[in-house]
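Coordinate analysis (summary)
Listed below, chain by chain, are the residues.
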Amino acid sequence: MSPDRAIGIMCPDIWGSYVCELLGGIQSAAARAGYRVLAIRASPRDVHRLRLARDQVDGWIALIDAAELDPFLDDGRPVVTLSARADEDARCPYVLPDNHGGALSAVRHLLDHGHERIVFAGHMAHEDIRQRFQAYRDALEERGISFDPDLVFDLPNNERASGRLAVQRLLEDGVTCTAMFMSADKEALGVLDAFAEAGIRVPEDIALVGFDDIEAARYASPPLTTVRQRFDRLGRTAAELLIDLLAGRELPCAGHIAPTTLVLRRSCGCSPAPALRDAPPSSRSAAAPASGPPSSRSAAAPSGALARELAALASASTSLDPSSPPEEAWPGATEVVLGLEAAVWGRPGPAVAELERAWREAAEQMPDIDQLLEMIDRLERAGQRMLRGAGDAAAERRVAAYIRAARRAMMEGRVAIEAARADYLNGLLDINLVIRETLLEDAGGGGSKLSWLSAVQMSWGCLAVWEAPGDTGRALRVVESCSPGATAASPEAGARVAAEAFPRREWLPAAAQRDDHVLRLIPLRGEGEDRGVLAVCAPVSSPLGLDHRDMEMWVAMLTAALERAALIESLIEQEQQARAAYERERALADNVRQLGCPVIPLDQGVLLVPLVGAIDLERARHVLEVVLAELSRQEAEVLLMDITGVPFADMQVAASLMKTTRAALLLGAEVIVVGMRPQVAQGFIRLGIDLQGMTLHQTLGSALSALRGRRQPLKAPPGPRA
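Just so it is clear, the model here is predicted, and its values are computed rather than measured.

Criteria and cut-off values
Residues numbered from 1 in each chain as written. Predicted model: local features only at pLDDT ≥ 70, side-chain atom pairs only at ≥ 80, totals over all residues. Heavy atoms only, no water. Core = buried A, V, L, I, M, F, W, Y, C linked by side-chain atoms within 4.5 Å. Buried < 20%, exposed > 50% of the residue type's maximum accessible area, 1.4 Å probe, protein only. 1 Å grid on protein atoms, 1.4 Å probe; cavity = no way out; pocket = protein on both sides within 12 Å on 5 of 7 lines; lining within 4 Å. Points joined across faces, edges and corners; volume = space filled by probe spheres on them. Helix = DSSP H or I, 4+ residues; strand = E, 2+ residues; numbered from the N terminus. Nonpolar A, V, L, I, M, F, W, Y, C, P; charged D, E, K, R; others polar. Salt bridge = Lys/Arg side-chain N within 4 Å of Asp/Glu carboxyl O. Expected span 1.5 Å × (residues − 1). Pairing = 2+ DSSP bridges. Axes fitted to C-alpha atoms, helices over the stretch in contact; angles between N-to-C directions. Left-handed = near helix turned anticlockwise from the far one by under 90°. Contact = heavy atoms within 4.5 Å.

1. Quick look at the nonpolar core
Ranked by size, the top nonpolar core spans 54 residues in total, and within it I61, L82 and W554 carry the most contacts. Core analysis: the next-biggest nonpolar cluster, separate from the first, contains 51 residues, V119, V209, L264 and C270 among them.

Listed below in structure tokens is the structure:
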């Protein structure tokens, strides 16, 4: 796999079983052609707006959302749409499951059961659902049944809650029906939940069919009849088309439809049965009695035919290419058949460990218990046919022991998978605690934000935040990188990189070059703003997997942590600005206070205090403090108080003047009041203020003349002391 060649995927979600299976198919095809895979959790519009990884991607796959692809096509990079189709005149091919054919077979099956009042419910905004709805109408028309719009419910999404909503509408509207066809399995599971709460039995009271065949459908109560689509095959087909375009090959047509299969279970009213019916007798040459022990370990008939039959079950298809070896569908199929032959003929066979590994692979590949049991049954029937007419009791015991061991190994494989799943789910409690402490309880915002990656099976991560766009375009600044258990030239915090080059190839771990890992980019957006991007490298999928709801929660917490850090930084900046403003205001207030009561030395022992403007209680207190302090410091003998600029005399002004006069007199200074205008004097008299102890002058000039006449000559104020 070349680090310089990459396939980009634009998808609204990059976690969960559905997307992980699609990614698995894309990754397998990409790895064979030497491409790595980079999945971006964003719509084509946002990928183009953010310009993420544009310099790294050779071609794009747009998953589910096929809108606004022209900028990518104009850029010269080919695009393939998956589970979506662009406009009719679009310049890119598309890959769709056989929605129409699968839904047609599902509705026909319900009609064959005698149902005519069949509800259809789904999220009509998706093209997949609209195609399934058209098949529903076509199936009714085939049987001459009139379409009833009251039996159709447009749901807000394809989630479980929408199934509950469909049942609520059904009961509230009083719609009568005998069957329901839900356009997605998650909706159908929600219907089962709501029916169980309402006391409605499935299938006794109402039959139910879904679409997708997700894992939970197989374990529902009752197990859900559904239309199976192979998501990995969809992804592989899309990747192969894109690789052909990158190689300059011409494609035969724009549209590519992947086959679907109707899987019968109890929810439609069918008896419990294998998910796939037996192949025609002509395809099972193993039915012929064996004429002797095989001479080699080759997959020749009849062992080859039996291996292919088991492999077809494992691949969930009876249309396996006859020219391809069984190992392509189930690597252990040949070993299992060789083990059966060894039991029949009493010769050494594959090692026990190899057989246990083969059955564990089957259990991992086939979560459907009915199919696993059918596989054991077919193996047992094949052994009985091999023994037919032999009359060898020892051989019968060996075959019976081999079948018991096979059944046990298969069950142990399933138990191991479920135990691992249970351990992981239990561990989610600890994981969520760690992530909460890491992302939410670090009030300072300075701790690691990626230390939780190793707990959720991720091999590498890098967190970067957006810088304000400048003349050279938008850029990202690295906050932190993490490589749990991996060696990578991770960037240092503060490193700056253009959005088109994020993350740089040299930063990626070796796991990013393997065919089982995918690089995922998750734009972080909160409060209407782009916050940053989280890049992680993780396995395409695993038996444990990652529930998309958990990832949504963790990403939301990471976004909240970034928002909190930005808020704290903003608050610190505002505090610094407020502190600086306070210091400026305090300095200004000091200047104002000084200007509000200036003390001017006119001569040795003579101080002038000019007062201008209104005098309130605070200023009066300040005047008294300043005057007394200067009288004492300069040992002044005369205090000239010029009140020419005081507009009026109220009780507060008069009281202030009297307090200052008395205090100056107590310090032994003569008080001369200048600027006593008639209206001010009348105010003093009206208020009953005693002016005793003051010498009054109408102007400063007359006061200075009188003072000069008493003190000849008037000396200049002394200079600073040496």
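After presenting the structure, the write-up continues.
2. Quick word on empty space enclosed by the protein
One pass over the structure, following the stated rule, counts two cavities of 30 Å³ or more. By volume, the second largest cavity is sized at about 70 Å³. L611, I615, V623, M641, I643, V646, V653, S656, L657 and T660 together form the lining of the second largest cavity. Broken down by secondary-structure element, the contributors of at least two residues to the lining of the second largest cavity are β20 (638-645) and α17 (651-666). When the residues that make up the lining of the second largest cavity are grouped by side-chain class, the tally is eight nonpolar, two polar and no charged.

3. Re the pattern of salt bridges
Counting across every chain of the model gives 32 salt bridges. For R54, the salt bridge is made with D75, and the minimal N-O distance between the two is 3.2 Å. Taken as a pair, R54 in the loop between α2 (44-50) and β3 (59-63) and D75 in the loop between α3 (70-74) and β4 (79-82) lie far apart in primary sequence, 21 residues in all. Residue R54 is classed as buried on the basis of its relative accessible area of 5%. Between R265 and D213 there is a salt bridge, with the nearest N and O atoms lying 3.1 Å from each other. Placement of R265 in the loop between β12 (260-263) and α10 (303-314) and of D213 in the loop between β9 (207-212) and α8 (215-218) is noted, with a sequence separation of 52 residues between them.

4. So, helix α4 (residues 99-112)
Think of an α-helix as 3.6 residues a turn; residues three or four steps apart then line up on the same face. For α4, with 14 residues, the first-to-last C-alpha span of 20 Å sits near the 20 Å given by 1.5 Å per residue. Of the positions making up α4, those classed as buried are N99, G102, A103, L104, A106, V107, H109, L110 and L111. Of the residues flanking the end of α4, it is G114, one or two places downstream, whose phi is positive at about 100°.

5. A closer look at the sheet that holds strand β8 (residues 179-182)
If you walk across this open sheet you meet the six strands as β7-β6-β8-β9-β10-β12, and the pairing is mixed. On the outer flanks of this sheet lie β7 (152-154) and β12, each paired with one strand and no other. With strand direction ignored, the average angle separating the axes of adjacent strands in the sheet is 15°. Pairing geometry for strand β6 (residues 118-122) and β7, over three bridges, is parallel. The residue of β7 that forms the bridge with G122 is D154.

6. Things to note about the packing of helix α11 (residues 333-345) against helix α13 (residues 369-387)
Taken N-terminus to C-terminus, the directions of α11 and α13 make an angle of 35°; their axes are 10 Å apart at the nearest point. Here the hand of the crossing between α11 and α13 comes out right-handed. Here V336, L340, E341 and V344 of α11 come into contact with α13, specifically with L379, A382, G383, M386 and L387. Looking at the contact of α11 with α13 residue by residue, the class counts come to seven nonpolar, one polar and one charged.

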